[in-house]
Amino acid sequence: MQVEKELTYNDLTEGQKMAFDTVMAAVKQTSTISQERYHVTINGQAGTGKTTLTKFIVREIIAQGINGVILAAPTHAAKKTLMKLSGMEAATIHSVLGISPNNYEDQMLFEQNDVPDLANCRVLICDEGSMYDDKLVNLVMSSIPPWCVVIVLGDKEQIRPVAPGESIPRKSPFFSHAKFKQITLTEVKRSDGPILEVARNILNNGWLYENIKTDEEGNQHGVFTFNPEKDSSSVQWFFKEYFKRVKTPEDFKKVRCFAFTNKMVDSLNKIIRKTIYKTEEPFIVGEELVMQGPVQEETIAPNGQRLKKIVFSNGQYVKVLSVRSTVDSLTAPYVDSQVDINVWVLEIESADPEDPYENRVIRVIDIDSIPLYNEFLSLVAYTYKNWNRIGKAPWKAFWSTKTKYSSVKPEAVCTIHKSQGLTCDTAFLCTSGMSNLDSDIIKELVYVGSTRPKHNLYWI
């Protein structure tokens, strides 16, 4: 097996060298508290070597004996990627900042309940910087000690985040913050990559197009599109190519499928699962699922304080150990309605050996019962918002029902939004449902979806 050559400073591009030198100068200034202290944001499009640079920066900071380095990412998937490329432990930024959900009537907001103790943090490296919204950036800057420097790596052309409680997406403040020196990587290290050529066309207000190249061994790779002369429909072609590459559930890790809407994700997953697992059952023992939200449980600290522990993170892979169906009756105080819904009771365990092992039973609402469930919650929320009785409305009953159920999806297909931070060998991208969106949002979505694979992209 060929041993990978260890990267040296001379192997970096001129832009990477400038970024590295800026980072190291910023890190060294943290030995004293200065009014002119600055942080660094490194922005780079796909192919400019952000991953390579991140790995090199982390290695060199550690090699120079600088302690108190924390690696953080905005999602569980991005955290796993950061851990693999750096060889170090990483955490979600929510965990680092002590952010957890709080309930206000029928709204759940993720807030910082206690300011975390980051006194030992000298360097905070935030990967996937484009995913940090205004509120999250403000929490980062208000939580770090004066001697800490923040290093951000990201691609500002990716999907703009939407802060909780808002509806308008905005570029992350990390790319314009007054306290951050902005470094932009412009040299494309893989300029011959056909996927990257198409990605640059997208950023120049173009669109996806077929771009295939043949390597020295005669293998084709690049961007593939539907040819009406060979197949009768684009959907037929899409699945024919997909099932050439996906034969077993183990192939899901290397071959990913992305779509814009949750409805399309569910439709594609249904077709793929029926073909691979030979069943139309929504869940089967042994398959892996992806958590669509965190699973929490309440614990009591020695001082009597009630704490919420995250058992499974949003985006975490879990394995199904057992499946059974049941019917739950939904009721709430002072609500003259009872609703029966079909529920799947799943025993699950951590699927990734790098995650702490956990084993729990969760309840998942059958897809056909979701409208009934949502209608019931809306009725409860309406009743409690228009409360005209003595005392406070019993919102605890509302949240008891809402948090009783978990949301999961099969691993084969996810939304483009959920794909940020992921990498794979081959990707299948469905662009259906985007036509009514703002042109800039479409560009961000297609750019993100098309730059997840390393070798091949198939799209319709």
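To start, this report covers the structure provided alongside it. (Residues numbered from 1 in each chain as written. Predicted model: local features only at pLDDT ≥ 70, side-chain atom pairs only at ≥ 80, totals over all residues. Heavy atoms only, no water.)

This brings us to the overall build of the protein. When you go through the protein residue by residue, the secondary structure sums to 12 helices and 21 strands. Compactness check: the protein gives a C-alpha radius of gyration of 24 Å against a globular reference of 23 Å for 460 residues, within 12% of the reference. When the backbone C-alpha atoms are referred to their principal axes, the protein occupies close to 70 × 65 × 45 Å. Considering the protein as a whole, with its 460 residues, one finds that 48% of them fall into the buried category. Looking at the protein alone, contacts between residues at least 24 apart form 69% of all its contacts between residues at least 6 apart. Total accessible area on the protein is roughly 23500 Å²; 49% of this is exposed by carbon and sulfur atoms. (Helix = DSSP H or I, 4+ residues; strand = E, 2+ residues; numbered from the N terminus. Rg over C-alpha atoms; globule rule 2.2 N^0.38 Å. Buried < 20%, exposed > 50% of the residue type's maximum accessible area, 1.4 Å probe, protein only. Contact = heavy atoms within 4.5 Å. Areas by Shrake-Rupley, 256 points an atom, 1.4 Å probe, with all protein chains shown as cover.)

Okay, the nonpolar core next. Core analysis: the biggest nonpolar cluster contains 29 residues, and V40, I42, I61, V123, I125 and I151 have the highest contact counts within it. Looking at this core, the elements with two or more residues in it are helix 1 (14-28), strand 1 (39-44), helix 2 (50-63), strand 2 (69-73), helix 3 (76-86), strand 6 (123-126), strand 7 (149-154) and strand 8 (180-185). Per element, the largest residue contribution to this core is six residues, and it comes from helix 1. Apart from residues no more than four positions distant in its own chain, I151 is found in contact with V23, V40, V123, L124, I125 and C126. Formed by 25 residues, the second largest nonpolar core is a distinct cluster that contains I159, C424, L445 and V448. (Core = buried A, V, L, I, M, F, W, Y, C linked by side-chain atoms within 4.5 Å.)

What follows concerns helix 2. Its 14 residues give helix 2 an end-to-end C-alpha distance of 20 Å, which sits within 8% of 20 Å, the value for a rise of 1.5 Å per residue. Of the positions making up helix 2, those classed as buried are K50, L53, T54, F56, I57, V58, E60 and I61. (Expected span 1.5 Å × (residues − 1).)

Spatially, six strands are ordered 9-10-21-20-11-19 in an open sheet, and the strand pairing comes out mixed. For this open sheet the edge positions go to strand 9 (211-214) and strand 19 (413-415), each flanked by a neighbour on one side alone. Between one strand axis and the next, the sheet turns by 25 degrees as a mean value, whatever way the strands run. Across five bridges, the pairing between strand 11 (residues 255-259) and strand 20 (residues 424-430) is parallel. From the neighbouring strand, V255 faces strand 20, where its bridge partner is T426. (Pairing = 2+ DSSP bridges. Axes fitted to C-alpha atoms, helices over the stretch in contact; angles between N-to-C directions.)

For the rest of this paragraph, the subject is unusual backbone geometry. In the Ramachandran plot, N205 falls in the positive-phi region, its phi being about 70 degrees despite a non-glycine side chain. By the secondary structure assignment, N205 is in the loop between helix 6 (194-203) and strand 9. Of note, K278 is a non-glycine position whose phi angle comes to about 55 degrees, a positive value. Inspection of the secondary structure assignment puts K278 in the loop between helix 8 (262-277) and strand 12 (288-291).

Okay, the packing of aromatic side chains next. Considering all chains together, one arrives at 20 aromatic pairs under this definition. Look at W237 and Y458: their rings are 6.0 Å apart centre to centre, the planes differ by 50 degrees, and that puts the pair in the tilted class. Residue W237 is located in helix 7 (residues 234-245), and its partner Y458 is located in strand 21 (residues 453-459); the two are separated by 221 residues in the primary sequence. Across the pair, Y458 and W237 agree in class, each one buried. Each ring, one from Y334 and one from W387, has its centre 5.2 Å from the other, and the planes form 80 degrees; the classification is edge-to-face. Taken together, the positions of Y334 in the loop between strand 15 (317-330) and strand 16 (339-350) and W387 in the loop between helix 9 (370-385) and helix 10 (395-402) put the pair 53 residues apart, joining distant regions of the chain. Put simply, the rings of F224, W237, F238, F239, Y242, F243, F428 and Y458 pair up and form one aromatic cluster. (Phe/Tyr/Trp six-rings, centres within 6.5 Å; stacked < 30°, edge-to-face > 60°.)

Burial analysis of strand 21 places five of its seven residues in the buried class, the great majority of the element. Here strand 10 (residues 220-225) pairs with strand 21 via four bridges, running parallel. Looking at the pairing, F224 lines up with Y458 of strand 21. With five bridges joining them, strand 20 and strand 21 adopt parallel strand pairing. Looking at the pairing, C424 lines up with P453 of strand 21.

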